[in-house]
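Secondary and tertiary structure notes
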Amino acid sequence: MADDFPEMEPTLQSIIDQKSLKWIFVGGKGGVGKTSNSCALAIQMAKVRESVLLISTDPAHNLSDAFNQKFGKEARLINGFTNLSAIEVDPNGSIQDLLESGGDAAQDAAQEMGGLGGMMQDLAFNIPGIDEACSFAELLKHVKKQSYDLVICDTAPTGHTLRFLQFPGVIEKALAKLSQLSTQFGPMLNSIIGARGGLPGGQSFDDLVAKMEALRKTISEVNTQFQNPELTTFVCVCIAEFLSLYETERLIQELSSFNMDTHAIVVNQLLFPKTDNPCEQCNARRKMQKKYLEQIDELYDEFNVVKMPMLTEEIRGKEKLEQFSEMLVTPYQPPE
């Protein structure tokens, strides 16, 4: 039986070696070190891939702080690398940005329809998860503009990430409603738009629906990739505490319901005190961490569980991140 179920390696080397991967998501509870691990993984992937794009979809962006370099909505090479770029997505992108992903006709329709367009925009902003929808649209826009061998997403805390991944389903429902409205009111809207001179380029309401359908197909294709374990995987980051472990289990269950592959967990900020350590608090915390590590090993025996240490310095800048990244592929050995 041991040969049938070999022990999983305590590193992310298997992910690095998987040449077919196109998307890697890194996520977990807030404050567990997602960004540091996203950056570290991106550095390792850049060693074996032609071009890697690191995207932050977290409203509280940290990529700029991690690399000591300012990033924005446009892809920018990270200093010291020739094949690793970064983007910090603006989650407050307007609904016009979302419509632009479906083509100019969509944006023109919102402008030309005057009050109705404004009403539709106001309604859109009240849809739960619209920030995540805009982030998803922004991601698609940048990915379509440039070709990258691999995209790594440094995601927001769990709740935001799950809504982000639900976005394709939200669009499916929205487009179903739009199709229903088009069937019922399309001729009337076409007449109104025609009486007002039509949309720029002579486009009609039907053209708008066609553009949105094209957007739906693009999102559907990306979603299909997300559900393919050969193309996409999700790396969970946690710390050895009850709330983090609880949220990790919730995340893994939700990812399973999305049919998204996840088989790696990074347990961050672990203490490895010496046996003669006089620090009472350190030893007490290590004892607590050991208890939850045992639970993690029991719950996720079929996962790659990577154990990362709590360091004495901030993990900022290229050099520190590179040193940290080596621990993802070489298990940390505490000092004697």
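Just so we're clear, the structure is a prediction, and the values are computed from it rather than from any experiment.

Rules of the game
Residues numbered from 1 in each chain as written. Predicted model: local features only at pLDDT ≥ 70, side-chain atom pairs only at ≥ 80, totals over all residues. Heavy atoms only, no water. Helix = DSSP H or I, 4+ residues; strand = E, 2+ residues; numbered from the N terminus. Buried < 20%, exposed > 50% of the residue type's maximum accessible area, 1.4 Å probe, protein only. Contact = heavy atoms within 4.5 Å. Areas by Shrake-Rupley, 256 points an atom, 1.4 Å probe, with all protein chains shown as cover. Salt bridge = Lys/Arg side-chain N within 4 Å of Asp/Glu carboxyl O. Expected span 1.5 Å × (residues − 1). Arc of directions from axis to C-beta. UniProt positions renumbered as here; feature names shortened; annotations may be inferred. Pairing = 2+ DSSP bridges. Disulfide = S-S within 2.5 Å. Patch = residues over 30% accessible without salt bridge, like charges linked within 9 Å, V, L, I, M, F, W, Y side chains within 5 Å. Core = buried A, V, L, I, M, F, W, Y, C linked by side-chain atoms within 4.5 Å. Domains from an automatic or database assignment. Phe/Tyr/Trp six-rings, centres within 6.5 Å; stacked < 30°, edge-to-face > 60°. Lys NZ or Arg CZ within 6 Å of the ring centre and 35° of its normal.

Remarks on the overall build of the protein
When you go through the protein residue by residue, the secondary structure sums to 12 helices and 8 strands. Within the protein, buried positions represent 47% of all 336 residues. Intrachain contacts of the protein at a sequence separation of at least 6 include 78% that bridge at least 24 residues. When the accessible surface of the protein is split by element, carbon and sulfur atoms take 52% of a total near 16800 Å².

Concerning the pattern of salt bridges
Taken as a whole, this structure holds 7 salt bridges when the rule is applied. Between Asp297 and Lys307 there is a salt bridge, with its nearest N and O atoms 3.5 Å apart. Taken together, the residues Asp297 in helix α11 (residues 280-299) and Lys307 in strand β8 (residues 304-309) connect sequence positions 10 residues apart. Given the relative accessible area of 34%, Asp297 is considered partly exposed. Overall, the relative accessible area of 31% leaves Lys307 in the partly exposed class. Residues Glu322 and Lys318 are paired through a salt bridge, measuring 2.8 Å at the closest nitrogen-oxygen approach. Taken as a pair, Glu322 and Lys318 lie in helix α12 (residues 318-326) at a separation of 4 residues, close to a single helical turn. The network of salt bridges with common partners includes Lys22, Arg49 and Asp149.

Quick word on α11
Because the α-helix completes a turn every 3.6 residues, residues three or four places apart line up on one side. Look at α11: 29 Å from first C-alpha to last across 20 residues, which is about the 28 Å you get at 1.5 Å a residue. Where α11 is concerned, the buried positions are Gln289, Tyr292, Leu293 and Ile296. Each buried residue of α11 sits inside an arc of 115 degrees when the element is viewed along its axis, so together they form one side. Of the exposed residues in α11, the ones pointing more than 90 degrees away from its buried face are Glu280, Lys287 and Glu298.

With respect to the UniProt feature "binding site: Zn(2+)" (unreviewed entry) in the protein
Within this structure's numbering, the places UniProt gives as "binding site: Zn(2+)" (unreviewed entry) are Cys279 and Cys282. Tracing the sequence through the fold places Cys279 in the loop between β7 (264-270) and α11. Accessibility expressed as a relative area gives 23% for Cys279, which makes it partly exposed. Here Cys282 lies in helix α11.

With respect to the sheet that holds strand β4 (residues 84-88)
Here 8 strands make up an open sheet; going across it, the order is β3-β4-β2-β5-β1-β6-β7-β8 and the pairing mixed. Looking along the sheet, the strands with just one partner apiece sit at the ends: β3 (76-77) and β8. As judged from the 5 bridges shared by β7 and β8, these two strands associate in the parallel manner. Bridging across to β8, Ile265 finds its partner in Val305.

A short note on the state of the cysteines
A complete count under the given rule lists 0 disulfides for this structure. For the unlinked cysteine Cys238, the closest cysteine sulfur is that of Cys236, found at 8.0 Å. Of the residues examined, Cys238 reaches a relative accessible area of 1% and is grouped as buried.

What about the side chain of Ser244?
Looking at the element boundaries, Ser244 is found in helix α10 (residues 242-257). Residues in contact with Ser244, not counting those within four places in the same chain, are Lys29, Val32, Cys238 and Ile239.

Some details on a nonpolar patch on the surface
Side chains of Phe242, Leu243 and Tyr246 sit close together on the surface and give an oily, nonpolar patch of about 380 Å² of accessible area. Within the secondary structure, Tyr246 sits in helix α10.

Observations concerning the nonpolar core
Core analysis: the largest hydrophobic core is formed by 43 residues, its most contacted members being Phe25 and Val267. The greatest single-element share of this core, amounting to 7 residues, is contributed by helix α8 (residues 158-195). Composition of this core by domain shows at least three residues from each of domain 1 (12-92 + 149-155 + 225-327) and domain 2 (97-145 + 173-223). If near-sequence neighbours (up to four positions away) are discounted, Phe25 is found in contact with Cys153, Thr155, Phe164, Leu165, Phe226, Thr232, Thr233, Phe234, Val235 and Met260. One finds Ile16, Ala42, Val266 and Phe324 within the second-largest nonpolar core, a separate group that totals 38 residues.

A look at the packing of aromatic side chains
Inspection of every chain in the model, using the stated rule, returns 8 aromatic pairs. Measuring from ring centre to ring centre gives 6.5 Å for Trp23 and Phe25, while their planes differ by 10 degrees; the resulting arrangement is stacked. Across the pair, Phe25 and Trp23 agree in class, each one buried. A centroid spacing of 6.3 Å and a plane angle of 90 degrees characterise the contact between Phe67 and Phe71, whose relative ring orientation is edge-to-face. Across this residue pair, the class does not change: Phe67 and Phe71 are buried. Aromatic ring contacts, followed pair by pair, group Trp23, Phe25, Phe226 and Phe234 into a single cluster. One residue, Lys318, lies across the ring of Phe81, its end atom 5.1 Å from the ring centre.

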